[in-house]
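Each chain is listed here by its residues.
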Amino acid sequence: MHKFILLLLFVLTLFSCGTDTDTGEFTVGSDYLALSNKVIMIDTVTVEMSTINFDSLVTSNKSRILIGNYDDPIFGKIKSDSYFQLSGSSYALNSTGSDTESVNYVFDSISMILKYDKYYYGDTTKVQTFDIHRLLQKVKPNTDDSNFYNNSTLSYSSESLGKVSFVPRPNQKDSINIKMDKEFGEALFQKIKKREVTDFDSFTEYLKGLVLVPETSNSSNVIGFSAGSSKVRLYYSKYMADQDEVSYILDFTIGDQTKQFNSISLDKTGTLLQNLPVSSSYLSSTLTNNQGFIQSGTGVACRVDFPNIKQFKNISTNGAIVNAELVLKPVNNSYSEKYPLADSLAVYIGDNLNRISGTLVNSAGTTVYGILNKKSDEFNENVGYTIPVGTFLQKEMLKAADSRSSLILTLPGISKSVNRIVLGNQKHADNKIQLKIYYISY
């Protein structure tokens, strides 16, 4: 009798805060049922929000050199180094047939050419500075798989082979040209000229790879460059050549993009996220000013749980969730021109240990995303991400097992960017998460 009274109170609570809506015709399972009764809209269901941190993200083979660092007022200090292996289409100097012709060639210069891929984050009006260093070990994963991760590193020489300071122009078509150390270029040239370097193996034995490392003193942004279009270019010419004679070149590119990766770190000291636990646990939004956090590159993600959804089975003998909509609101003043909102959220299904089993899909099996409504008003009340979660909640409601799934929210491009978002939970003063469930009994 006691259990019955509790159940009755639960149903009355749900329905007293709901709204009656005409049904029209709804699909329940595979049958179309013309129904004359009412659909109940329920918007008082508990939604729990927390922040998690993935153990690691694969950042190799993403076609982007990501370089820079900045101090984020919410997340902490973000930094990205980029490692890569080079290869050449040729390891020989220009020749028209004479075996001795190469003797007449001399080294001119060597440069790294980085082509923008139009990605940037942070304040691009500030100067960016970074150095080129020579790797001391081959670009080879330390693990059993062939991937590199955001927490992967390789040892490199402390000596800089080239430095550049510039104000980024990421939307332009031009490139960054970094003049590299003359002694380094001369030594590489002589290895090729003397035929000590003749193929990929001998080249990578001599030059294992390079890493781009940002200075931490004055950088305020992270910039993306095309891994496929960037290169190291060696210039040489004939000895005592005419002034008008064009230099010859040898290009070394990132031929194998599985051997290029970005090492992305986040120093959370002094922030609300400084106590973020290991990947299998979570940090409740009640401990972070009623906020959940997402950041690409560093593995910070937002988890959403629906702890009471199975109780919907007790509302009626035959009932179904025919539709549900989750709206997540970015926290006011957490985004700006420097830290813009992404157009969408990627949504995954996870278990209690934050292990992902797949993407969120609708009833047709199509992947769904959180889509940003950009229409703002005076108080930004309309800005938010809408996610259709009806199919997911219906499955959760009908689960026989005690286990339940959660939604894990990330940003598209999670492995090759550093974009971030701050979201409000159900208790947030200004930017509450909203859930509307449409339930029908039949």
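Here the structure is a predicted model, which is why all the values come from computation and not from measurement.

Reading the values: the criteria
- Residues numbered from 1 in each chain as written.
- Predicted model: local features only at pLDDT ≥ 70, side-chain atom pairs only at ≥ 80, totals over all residues.
- Heavy atoms only, no water.
- Buried < 20%, exposed > 50% of the residue type's maximum accessible area, 1.4 Å probe, protein only.
- Phe/Tyr/Trp six-rings, centres within 6.5 Å; stacked < 30°, edge-to-face > 60°.
- Helix = DSSP H or I, 4+ residues; strand = E, 2+ residues; numbered from the N terminus.
- Lys NZ or Arg CZ within 6 Å of the ring centre and 35° of its normal.
- Core = buried A, V, L, I, M, F, W, Y, C linked by side-chain atoms within 4.5 Å.
- Contact = heavy atoms within 4.5 Å.
- Expected span 1.5 Å × (residues − 1).
- Arc of directions from axis to C-beta.
- Polar contact = N/O pair within 3.5 Å; in protein donor to acceptor, adjacent residues only side chain to side chain.
- Salt bridge = Lys/Arg side-chain N within 4 Å of Asp/Glu carboxyl O.
- Pairing = 2+ DSSP bridges.

Q: Tell me about unusual backbone geometry, and name the residues and values.
A: Notably, Asn 61 is not glycine yet its phi reads approximately 60°, a positive angle. Under the relative-accessibility criterion, Asn 61 is labelled partly exposed at 45%.

Q: Before we move on, could you go through the packing of aromatic side chains and cite the residues and values that matter?
A: Across all of its chains, the model carries 17 aromatic pairs by this definition. Judged by centre distance (4.8 Å) and plane angle (5°), the rings of Tyr 83 and Phe 261 are stacked. With Tyr 83 in strand β7 (residues 76-84) and Phe 261 in strand β17 (residues 260-267), this residue pair connects regions lying 178 residues apart in the sequence. Phe 261 carries the same exposure label as Tyr 83, and that label is buried. Seen from the ring of Tyr 206, Arg 134 lies directly overhead, with NZ or CZ sitting 4.7 Å from the centre. Here the guanidinium or amino end of Arg 420 rests over the ring plane of Tyr 339, the centre of that ring lying 4.3 Å away.

Q: Give a description of the nonpolar core that names residues and reports values.
A: The nonpolar side chains of a soluble globular protein tend to be buried with one another. Among the nonpolar cores identified, the biggest contains 40 residues, and Phe 306, Phe 312, Leu 326, Leu 328, Leu 393, Leu 407 and Leu 409 are the most heavily contacted of them. Contacts of Phe 306, omitting those with residues within four sequence positions, involve Thr 46, Val 47, Leu 326, Phe 392, Leu 393, Arg 404, Leu 407 and Leu 435. Ile 67, Leu 161, Phe 225 and Ala 227 belong to the second largest nonpolar core, which has 38 residues in total.

Q: Before we move on, can you summarise helix α2 (residues 182-193) with the specific residues and values?
A: Compared with the 16 Å implied by 1.5 Å per residue over 12 residues, the 16 Å span of α2 between its first and last C-alpha is a close match. Buried residues of α2: Phe 184, Gly 185, Leu 188, Phe 189 and Ile 192, and no others. Seen end-on, α2 carries its buried residues on one side only, within an arc spanning 130°. Every exposed residue of α2 that faces more than 90 degrees away from the buried side is listed here: Lys 182 and Glu 183. By the N-cap criterion, in which a side-chain oxygen at the helix start approaches the backbone nitrogen of a residue two or three places on, α2 is capped by Asp 181, the distance to Glu 183 being 3.2 Å.

Q: Tell me about the pattern of salt bridges, and please be specific about residues and values.
A: By the definition in use, this model includes 14 salt bridges. Residue Asp 131 is joined to Lys 163 by a salt bridge in which the shortest nitrogen-to-oxygen separation is 3.1 Å. Of this pair, Asp 131 sits in strand β10 (residues 128-135) while Lys 163 sits in strand β11 (residues 156-166), and the two are 32 residues apart along the sequence. Under the relative-accessibility criterion, Lys 163 is labelled partly exposed at 46%. Across the pair Asp 351 and Arg 355 runs a salt bridge, and its minimum N-O distance is 2.7 Å.

Q: So, the environment of Met 112: which residues are in play, and what are the values?
A: Looking at where Met 112 falls in the secondary structure, it is placed in strand β9 (residues 105-122). Sequence-wise, Met 112 and Asn 177 are 65 residues apart; in three dimensions their C-alpha atoms are separated by 5.8 Å. Not counting the four nearest positions on each side in its chain, Met 112 is found in contact with Phe 84, Ile 132, Ile 176, Asn 177, Ile 178, Met 180, Leu 210, Leu 212, Lys 231 and Val 232.

Q: Which residues make up helix α4 (residues 390-398), and what values do they have?
A: What α4 keeps buried is the set Gly 390, Phe 392, Leu 393, Gln 394, Glu 396 and Met 397. For α4, the secondary structure elements touched by its buried residues are β21 (319-328), β22 (344-350), β25 (384-388), β26 (406-410) and β28 (434-441).

Q: Go over the environment of Thr 125 with me, naming the residues and quoting the values.
A: Among the secondary structure elements, Thr 125 is positioned in the loop between β9 and β10. A relative accessible area of 59% places Thr 125 in the exposed class. Taking C-alpha positions, Thr 125 is 9.9 Å from Lys 338, a pair spaced 213 residues apart along the chain. In this structure the side chain of Thr 125 is engaged in a polar contact, spanning 2.5 Å, whose partner is the side chain of Asp 123.

Q: Could you give an account of the pairing of β10, naming the residues involved and the relevant values?
A: When you tally the buried positions in β10, you get 7 out of 8 residues, the bulk of the element. Examined bridge by bridge, β10 and β11 share 7 bridges and lie antiparallel to one another. Paired with His 133 across the bridge in β11 is Ser 160. As judged from the 5 bridges shared by β10 and strand β13 (residues 210-214), these two strands associate in the antiparallel manner.

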